[in-house]
Amino acid sequence: MAICKIGELARSKAGHDKDEIFVIINIEDEYVYLIDGKNRKIEKPKKKKMKHIQPIHYIDSELQNKLNSNVKLQNEDIRKALKCYKANKEI
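Residues numbered from 1 in each chain as written. Predicted model: local features only at pLDDT ≥ 70, side-chain atom pairs only at ≥ 80, totals over all residues. Heavy atoms only, no water.

Caption draft 1: Structural view of the side chain of Asn75. Take Asn75: it is sitting in helix α2 (residues 75–90). Looking at Asn75, its side chain comes within polar contact range of the main-chain nitrogen of Ile42, at 2.9 Å. (Helix = DSSP H or I, 4+ residues; strand = E, 2+ residues; numbered from the N terminus. Polar contact = N/O pair within 3.5 Å; in protein donor to acceptor, adjacent residues only side chain to side chain.)

Pasting the structure below:
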């Protein structure tokens, strides 16, 4: 089973959202809660089993700073972190 951290990016391996990238916002036993700021917002995260995700082991620095300082995350913060990751990945 993959080791996950809050704030880390993960790719869905199964389901209708297969190959989509999300941010992990909570971990409970064998489940993770995923958001993307667009379809899955902070108010209603996607609950998914850990075996159905592939952790990317990347945490956006701005997102990490907000998590460490206990600042409430906004959906736009999540969208920005995912956009930055996708832009860097294409280079």
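That shown, we press on.
Caption draft 2: Broad picture of the pairing of strand β2 (residues 21–28). Inspection of the sheet shows strand β1 (residues 9–12) paired to β2 by three bridges, in the antiparallel sense. Following the sheet pairing, Ala10 is matched in β2 by Phe22. Where β2 lies against strand β3 (residues 31–35), five bridges are found, and the strand directions are antiparallel. Each residue of the ladder has a partner; that of Val23, found in β3, is Ile35. Linking β2 to β3, which pair antiparallel, is a turn of two residues; within it Asp29 sits at a positive phi near 50°. (Pairing = 2+ DSSP bridges.)

Caption draft 3: Region of the structure containing the packing of aromatic side chains. The final tally for this structure, using the stated rule, is one aromatic pair. Taking the centre distance of 5.2 Å and the plane angle of 40° together, the rings of Tyr58 and Tyr85 count as tilted. Residue Tyr58 is located in the loop between β5 (53–55) and α1 (61–68), and its partner Tyr85 is located in helix α2; the two are separated by 27 residues in the primary sequence. The positively charged end of Lys47 is found above the aromatic ring belonging to Tyr31, 4.4 Å away from the centroid. (Phe/Tyr/Trp six-rings, centres within 6.5 Å; stacked < 30°, edge-to-face > 60°. Lys NZ or Arg CZ within 6 Å of the ring centre and 35° of its normal.)

Caption draft 4: Structural context of the pattern of salt bridges. Counting across every chain of the model gives four salt bridges. Put simply, Lys48 and Asp17 hold a salt bridge, and the shortest N to O gap is 3.0 Å. Taken together, the residues span a long stretch of sequence, with Lys48 in strand β4 (residues 46–49) and Asp17 in the loop between β1 and β2 at a distance of 31 residues. Per residue, the accessibility class of Lys48 equals that of Asp17, and both read buried. Across the pair Glu30 and Lys49 runs a salt bridge whose closest N-O atoms are separated by 3.5 Å. Remark: Lys49 occurs in strand β4 and Glu30 occurs in the loop between β2 and β3; sequence separation between them is 19 residues. Among the residues examined, Glu30 registers a relative accessible area of 35% and is labelled partly exposed. (Salt bridge = Lys/Arg side-chain N within 4 Å of Asp/Glu carboxyl O. Buried < 20%, exposed > 50% of the residue type's maximum accessible area, 1.4 Å probe, protein only.)

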